[in-house]
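# Results of the structural survey
The lines below spell out each chain.
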Amino acid sequence: MAAIIIIPILVVTVIALSSYLVYKLFLQSLLSKRSLTQTLEKYNIDKTPSQIIKEYYENKGESLSHQEIQKLEKNYIKNEPEQFLAMYDAIRDNNKTKEK
């Protein structure tokens, strides 16, 4: 008799937990990256997020490995997506200063 109640509760719990994990681990990062890409396209920025990070840190005089760039990209996309526009502005300003 108790199995009639417990089994459906366990099935629903497993489905809910797996759905949450799929959202948290996959969909959230995918949606964040898509949103950032759309924002960059909106402002006619042809560079990828990793290119922006690489150029920004090179302008600051720091050399980053590919893995470090990927870590920073994930962090910025997830926590601070507006930083990409700020970094792009800094790159653009630096390029204008070099041209003069």
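Residues numbered from 1 in each chain as written. Predicted model: local features only at pLDDT ≥ 70, side-chain atom pairs only at ≥ 80, totals over all residues. Heavy atoms only, no water.

The contact between helix α3 (residues 66-79) and helix α4 (residues 83-99) brings their axes to 9 Å, and the two run at 120 degrees. If you check the angle between α3 and α4, you find them oblique. In this structure, α3 uses Glu73, Tyr76 and Ile77 to contact α4, whose residues at the interface are Gln83, Phe84 and Met87. Tallied by class, residues from the contact of α3 with α4 come to 4 nonpolar, 1 polar and 1 charged. (Axes fitted to C-alpha atoms, helices over the stretch in contact; angles between N-to-C directions. Helix = DSSP H or I, 4+ residues; strand = E, 2+ residues; numbered from the N terminus. Parallel < 35°, antiparallel > 145°, perpendicular 65-115°, else oblique. Contact = heavy atoms within 4.5 Å. Nonpolar A, V, L, I, M, F, W, Y, C, P; charged D, E, K, R; others polar.)

The next subject is the confidence of the model for the protein. When pLDDT is averaged across the protein, the result is 92; 99% of the residues are at 70 or more. Within the protein, no element has a lower average pLDDT than α4, which sits at 90, and none a higher one than helix α2 (residues 49-59), at 95. (pLDDT = per-residue confidence, 0-100.)

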